[in-house]
Amino acid sequence: LIVVARAMNVFPLSFVLNQCRRHNPIPMNYQMLMWFSGLRGVIAFALVMRVPRRPHWRPEADPLHQNRDLIVTVTISTVVLSTIL
């Protein structure tokens, strides 16, 4: 769904921009780069949200469950900072 939404934004807007400025159009390989480059944060966020919460029966059993909040915070911070900077 996100891939389709990004494509529906990047390609038509690039087309309109290319029609408005003919001297320096955005090439198709740059458009593809813009389309794919925005997905890295979405994929990282989706993957980190798939880490299950601590099991209530044995919270000490798996270190991944113990550090879930830290992993989520670091991932979201990295995505936001790399988007802003």
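Our subject is the structure that appears above.
Parameters at a glance
Residues numbered from 1 in each chain as written. Predicted model: local features only at pLDDT ≥ 70, side-chain atom pairs only at ≥ 80, totals over all residues. Heavy atoms only, no water. Helix = DSSP H or I, 4+ residues; strand = E, 2+ residues; numbered from the N terminus. Contact = heavy atoms within 4.5 Å. Axes fitted to C-alpha atoms, helices over the stretch in contact; angles between N-to-C directions. Left-handed = near helix turned anticlockwise from the far one by under 90°. Nonpolar A, V, L, I, M, F, W, Y, C, P; charged D, E, K, R; others polar. Patch = residues over 30% accessible without salt bridge, like charges linked within 9 Å, V, L, I, M, F, W, Y side chains within 5 Å. Areas by Shrake-Rupley, 256 points an atom, 1.4 Å probe, with all protein chains shown as cover. Salt bridge = Lys/Arg side-chain N within 4 Å of Asp/Glu carboxyl O. Buried < 20%, exposed > 50% of the residue type's maximum accessible area, 1.4 Å probe, protein only. Phe/Tyr/Trp six-rings, centres within 6.5 Å; stacked < 30°, edge-to-face > 60°.

Draft legend 1. Summary view of the overall build of the protein. If you tally the helices and strands in the protein, you get five helices and zero strands. Put simply, the protein runs from its N terminus to its C terminus through helices and strands in the order α-α-α-α-α. Restricting to contacts in the protein with at least 6 residues of sequence separation, those with at least 24 account for 42%.

Draft legend 2. Highlighting the packing of helix H1 (residues 2–20) against helix H2 (residues 28–37). Their axes nearest at 9 Å, the elements H1 and H2 cross at an angle of 145 degrees. The two elements H1 and H2 meet at a crossing, and its hand is right-handed. The residues of H2 that touch H1, namely those facing Val 3, Arg 6, Ala 7, Val 10, Phe 11, Ser 14 and Asn 18, are Met 28, Gln 31, Met 32, Met 34 and Trp 35. Considering only residue class, the contact of H1 with H2 consists of eight nonpolar, three polar and one charged.

Draft legend 3. Region of the structure containing the side chain of Gln 31. Checked against the element boundaries, Gln 31 lands in helix H2. With sequence-adjacent residues up to four places away left out, Gln 31 is seen in contact with Val 10, Phe 11, Ser 14, Asn 18 and Ile 26.

Draft legend 4. Broad picture of a nonpolar patch on the surface. There is a patch of nonpolar side chains on the surface, built from Phe 45, Met 49, Ile 76, Val 80, Leu 81, Ile 84 and Leu 85 and spanning about 710 Å² of accessible area. Residue assignment for the nonpolar patch shows that the elements contributing at least two residues are helix H3 (39–49) and helix H5 (68–84). If one sorts the elements of the nonpolar patch by residue count, H5 sits on top with four residues. Along the chain, the position of Val 80 falls in helix H5.

Draft legend 5. Structural context of the environment of Val 48. Examined against the element boundaries, Val 48 turns out to sit in helix H3. Residue Val 48 is classed as buried on the basis of its relative accessible area, which comes to 5%. Each C-alpha atom of the pair Val 48 and Ile 76 lies 9.0 Å from the other, and the pair is 28 residues apart in sequence.

Draft legend 6. Spotlight on the packing of aromatic side chains. Taken as a whole and assessed by the stated rule, the structure comprises two aromatic pairs. Residues Trp 35 and Phe 36 carry aromatic rings whose centres are separated by 4.5 Å and whose planes lie at 35 degrees to one another, so their mutual orientation is tilted. Members of the aromatic cluster, each reached through a chain of ring pairs, are Phe 11, Trp 35 and Phe 36.

Draft legend 7. Structural view of the environment of Arg 68. Here Arg 68 lies in helix H5. Residue Arg 68 is classed as buried on the basis of its relative accessible area of 8%. Considering only alpha carbons, one finds Arg 68 and Met 49, 19 residues apart in sequence, at a separation of 9.1 Å. Sequence-distant contacts of Arg 68, defined by excluding residues within four places in its chain, comprise Val 48, Met 49, Val 51, Pro 52 and Arg 53.

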